Protein chains: 4
Amino acid sequence: MTKAIDVEGNPSYIRILDHGFVGLIDTMGDDHAIVQAARVSYGSGTKSVREDRGLIRYLLSHRHTSPIEMCEAKLHIKIPIFVMRQLVRHRTASLNEYSGRYSEMTDEFYVPAFEDIKPQSTTNKQGRSGEMPGLEKERAHNIMSRIATENYNEYQILLGKDDGGYNIADVVGVSRELARTVLPVSNYTELYWKQDLHNLMHLLKLRTDSHAQYEIRVVADAIYNLVQPKFPLAFEAWVDYVRDAVSVSRMEQLLLKDLLQGKSVQQLMQDYNSQTEFLEHYGLSKREFEDLRARWQLN
Amino acid sequence: MTKAIDVEGNPSYIRILDHGFVGLIDTMGDDHAIVQAARVSYGSGTKSVREDRGLIRYLLSHRHTSPIEMCEAKLHIKIPIFVMRQLVRHRTASLNEYSGRYSEMTDEFYVPAFEDIKPQSTTNKQGRSGEMPGLEKERAHNIMSRIATENYNEYQILLGKDDGGYNIADVVGVSRELARTVLPVSNYTELYWKQDLHNLMHLLKLRTDSHAQYEIRVVADAIYNLVQPKFPLAFEAWVDYVRDAVSVSRMEQLLLKDLLQGKSVQQLMQDYNSQTEFLEHYGLSKREFEDLRARWQLN
Amino acid sequence: MTKAIDVEGNPSYIRILDHGFVGLIDTMGDDHAIVQAARVSYGSGTKSVREDRGLIRYLLSHRHTSPIEMCEAKLHIKIPIFVMRQLVRHRTASLNEYSGRYSEMTDEFYVPAFEDIKPQSTTNKQGRSGEMPGLEKERAHNIMSRIATENYNEYQILLGKDDGGYNIADVVGVSRELARTVLPVSNYTELYWKQDLHNLMHLLKLRTDSHAQYEIRVVADAIYNLVQPKFPLAFEAWVDYVRDAVSVSRMEQLLLKDLLQGKSVQQLMQDYNSQTEFLEHYGLSKREFEDLRARWQLN
Amino acid sequence: MTKAIDVEGNPSYIRILDHGFVGLIDTMGDDHAIVQAARVSYGSGTKSVREDRGLIRYLLSHRHTSPIEMCEAKLHIKIPIFVMRQLVRHRTASLNEYSGRYSEMTDEFYVPAFEDIKPQSTTNKQGRSGEMPGLEKERAHNIMSRIATENYNEYQILLGKDDGGYNIADVVGVSRELARTVLPVSNYTELYWKQDLHNLMHLLKLRTDSHAQYEIRVVADAIYNLVQPKFPLAFEAWVDYVRDAVSVSRMEQLLLKDLLQGKSVQQLMQDYNSQTEFLEHYGLSKREFEDLRARWQLN
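What you are looking at is a predicted structure, and each value in this text was computed from that prediction instead of being measured. (Residues numbered from 1 in each chain as written. Chains lettered and ligands numbered in written order. Predicted model: local features only at pLDDT ≥ 70, side-chain atom pairs only at ≥ 80, totals over all residues. Heavy atoms only, no water.)

What follows deals with the relation of the copies chain B and chain A. A rotation about some axis, followed by a shift along it, carries one copy of the chain onto the other. Aligned on chain A, chain B shows an RMSD of 0.1 Å; the corresponding rotation is 180 degrees and the shift along the axis is 0.0 Å. Taken together, the rotation and translation describe the operation of a two-fold axis. No C-alpha of chain B lies nearer the rotation axis than that of Met28 of chain B, which sits 3.0 Å from it. Both copies present the same face, since 100% of the interface residues in chain B are matched by interface residues at the equivalent positions in chain A. (Least-squares fit on C-alpha atoms with pLDDT ≥ 70 in both. Contact = heavy atoms within 4.5 Å.)

Time to look at helix α12 (residues 286-295) of chain A. Residue and element names in this part refer to chain A. Buried within α12 are the following residues: Phe289, Leu292 and Arg293. For α12, the angular spread of buried residues about the axis comes to 100 degrees, placing them on one side. Within α12, the exposed residues directed more than 90 degrees away from the buried face are Arg287 and Ala294. Buried residues belonging to α12 abut α9 (250-260), α10 (265-269) and α11 (275-282). (Buried < 20%, exposed > 50% of the residue type's maximum accessible area, 1.4 Å probe, protein only. Helix = DSSP H or I, 4+ residues; strand = E, 2+ residues; numbered from the N terminus. Arc of directions from axis to C-beta.)

This part is about the sheet that holds strand β1 (residues 13-16) of chain A. Residue and element names in this part refer to chain A. Sheet architecture is open: five strands sit in the order β1-β2-β3-β5-β4, paired in antiparallel fashion. Two strands in the sheet have a free side with no partner beyond their single neighbour: β1 and β4 (94-97). Strand-to-strand twist across the sheet, computed as the mean angle between neighbouring axes with direction ignored, equals 20 degrees. Bridging between strand β2 (residues 20-28) and strand β3 (residues 72-80) involves seven bridges; their strand directions are antiparallel. Bridging from a neighbouring strand, Asp26 pairs with Lys74 of β3. (Pairing = 2+ DSSP bridges. Axes fitted to C-alpha atoms, helices over the stretch in contact; angles between N-to-C directions.)

For the rest of this paragraph, the subject is helix α6 (residues 197-207) of chain A. Among the residues of α6 of chain A, those classed as buried are Leu197, Asn199, Leu200, Met201, Leu203, Leu204 and Arg207 of chain A. For α6 of chain A, the N-terminal cap is Asp196 of chain A; the gap from its side-chain oxygen to the backbone nitrogen of His198 of chain A is 3.0 Å. (Polar contact = N/O pair within 3.5 Å; in protein donor to acceptor, adjacent residues only side chain to side chain.)

The next point concerns the pattern of salt bridges. Residue and element names in this part refer to chain A. In the structure shown here, the tally under the stated rule is 80 salt bridges over all chains. Residues Glu104 and Lys161 are paired through a salt bridge, measuring 2.2 Å at the closest nitrogen-oxygen approach. You can see Glu104 sitting in the loop between β4 and α4 (134-158) and its partner Lys161 sitting in the loop between α4 and α5 (176-179), a full 57 residues away along the chain. A relative accessible area of 25% places Glu104 in the partly exposed class. The partner of Arg139 in a salt bridge is Glu136, with the nearest N and O atoms 3.6 Å apart. (Salt bridge = Lys/Arg side-chain N within 4 Å of Asp/Glu carboxyl O.)

At the junction of the two partners, chain B supplies 37 residues and chain A supplies 37 residues. For the pairing of chain B and chain A, the buried interface totals around 2800 Å² over both sides, and the portion due to carbon and sulfur atoms is 55%. Joining chain B to chain A, the criterion identifies two salt bridges. Measuring nitrogen to oxygen at the nearest pair gives 2.4 Å for the salt bridge that ties Glu72 of chain B to Lys194 of chain A. Run the count over chain B and chain A and you get 12 residue pairs in polar contact (both at pLDDT 80 or more). Those elements giving two or more residues to the side of chain B that touches chain A turn out to be β2 (20-28), α1 (31-42), β3 (72-80), β4 (94-97) and β5 (188-196) of chain B. (Buried area = accessible area lost by both parts, 1.4 Å probe.)

Right, let's talk about the interface of chain D and chain A for a bit. With 65 residues of chain D at the interface, the matching set in chain A holds 65 residues. Contact with chain A buries surface across chain D, with Arg85, Arg101 and Arg139 of chain D losing the most and accounting together for 12% of the total. Linking chain D to chain A there are six salt bridges. Summed over the shared surface of chain D and chain A, the result is 36 residue pairs in polar contact (both at pLDDT 80 or more). In terms of residues, the side of chain D that touches chain A owes the most to one element, helix α4 (residues 134-158) of chain D, which gives 13 residues.

Have a look at this one:
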């Protein structure tokens, strides 16, 4: 791994998880580059900062995304393999990753902090939430730490660097590309990641979301914190029109319009024989109705 | 169109064709950024410029293209619509183009210089080559100029800016998006074009080729001249291993290997009853054989 | 152009505009292929059609788009060049277009029907709306028809097929790639277009929108009508959760939540000294507020 | 994992490695679809199979790749995670992968067969080659098997399914997304993979190459064997003009041209004071010269 990076005290780097980091290496463009590209389409007009802000908000709110592609960010990231496997699904980035075929893998492995060890969520099939006994957390932490150490030792033995008590004379060692197959997906990897701002914003939308796994959320949050100051107007608009916006379905609109005429949910329901009939009228599932009530704070 | 650009005397801009230009607005990265990204995969090693050159040549010659994607170039381009239609086929770029729906189209149209007016090529189904009488060139030039002027005038009439002798009181004018449909594809358009260096090199490979239409070749040449100085080692390697490299088919290799044993084409042919049999042995078509002879200067 | 296509009476083809068509050539996958791909991630579970529908609606409403990419549609399209220039901006499709370098361009040109000739919209900077005098419509129609005929004649003269009264002996003719530069962007072109269902749905979202130019809207509508029956559950969900959904900004949510507590806009405004103060509180621009009122039918 | 797939005896599936498979689920198009798309550009012409073959060979040899994108293949693949990590770098595919957040990971792990356990290659920094003592192979095999079993057991303990002798009452279990982090990258995963034929051919070019890791080469070979019969003409041309073609650099061409005039390497060298001077004249590195000699069987 790159030993030269002095992450500590480097303002372009943020430490994440137990051994990881996110660093901002380079950017291309700024808020004004977005405006410049948009104006080739929409005509020149006036050019004050106030008007730049208005144009950028217009672009984001109307999903006119091509001017936002004119900017780029290049990041240097160190994360566990299982997080990398999620990150790499974003196909619009350019990336170079550390290779376990060319080089020896690092001896660093992710072991979650006590407060991040949680049971399976009962409401979210893919996530974790709630609490568990401290004793079981301790057990989990111990298992994860031990596996990291043991697997790494076996990796060294396979590479022929450690005899491992096997008493084999003249150890040759297995090739790196094979030996690394015993390492767990908690093993850290390292990469450069370059992406245009529009696609990076899409990644941030998905990976800062509460449904994303905690370990990739901290990566996304670090990216946001590093990149946002370079494009303050674009990110302000992104928060307002994308990140914190909600998509309201055709059916939800029907109900909201009726409610906005001044009636309550209870009053509307009175016209139906049952909640099922009421929901059928609007085309909503029971679950969608519950989500809608929570989202709009209806009683 | 953007009037503010002072192309004349601006070293970042190259004038092309009769009214066009290519300008380099911004780049991201340099030769060393390519090396830096490659080294995260291949291990750190030494770092002299001489070794940077060697690594970059290795990357290009082995088509290890991902580190080259770490660089970007952003261009400002003014070209006729028919050239834009070719450029836009390169789907990996980000682009913003002048819009004939939002703004009025320019009154500039491409009319080829006399020396660029040529008849259909007899060998290349898609190209032009050879000469034609000066009188016919003049006629072609006049037709193209006249159509540009006439169509632009009709465009103005449609927009309601010019009565055009129609004697209509209170002209309303047709919408821009409809009026522009009468403009020929020689009409100039303007755009920002951002692309990573790997994909830009692919564009340059295809569009600096002698089979590309002359009018896009001058665009590609201008891009090359502007971007090359920013990445001198990468482009040196690209010329040697990509642009001026040739792909030699399985069949062509068979014949070349036999020739490299010291025999001439004539000597090899003596073992066959006919050229057809000879070509069948190697699996070459007659045309491929002629191309091969020309390429390798065989007699 | 392909003469073999018998569009008339072919149920896979829909005629559009004056000389265009959209044909569905092939599809890959169906609703069940989406479900199959999703289940490799989410686990198998039950498999009734009712549950397929539920899963597909879940995917669309939560923007889990990768299973939808498992389907494809291949279309055969004939449209004017200016519509093609809009279509080609969707970079995720595979396409092959008729080439004016290889072959002679067709003599067909788009001339809008009387009812589609409209003035520039006063509210939409890029569109058309409202009415104009019949006399001016007639004039516009005549100009467009005449330019089509005249430019095509000049194209034939340039190609050397028509003397055009120039009295040049032994006409050579200009190459096709140059001669076609005098043709207007209303000239028809032809292409194959293949795209995965997720990206096709994105195209349809943008191009069936009322802000899209009428001439590409009819293309998008025809695509929808041809492709929808192949993926009925996916398109039903798309209409409900994507096409007819609205994105509600952070600011708009603030106001809607207050309104949903039972207060009217007037009642809320009473707490502020002015509309400006009221809008500032919610972070809405005047235009956004007007749009919001219209969208939610607030009085 | 999908239990329903009856891989055994299913002609669309090929078993690979110890527990993996590649299955061809669906294709779109065939050789003729490529021809059909090409002809919209190049004009119709005649249509015999013989001419289809000629056109397809022309397309592949001239890298006219867009008609080849008109075809698709969808595969069902089961491979170890470390192979998946290589596969996913091909960003042009659509894919759905089994999720260790939603579902429990399988108990299957890749352990290489004895004959595939090899030491680090001395010539190829990323590969393996040569032999090693049987005893060490056995040791390696044992380590890999044992780690698979042990890590899977710890995974079960973390999930709360196995007490593991920890004597914790009322085990809750850690969430799946955390527990899976102890599994090694030899663990099997499963996915659907859909890609257009042009990009699939690019994947096959890179991953059937002798420099690709053995474990992904068997995946690529299986894909080739399943997909090739659906597009026999396209793959015949691909083998001849792409897979088995070589790229000959500008410098290599200079030397080959001189050799093809009938001189041997020795004769050419006589004009220089040293091999270094000779190589400098042609711009070749020592390594490139050695590769060139081997490739062209020069003595």
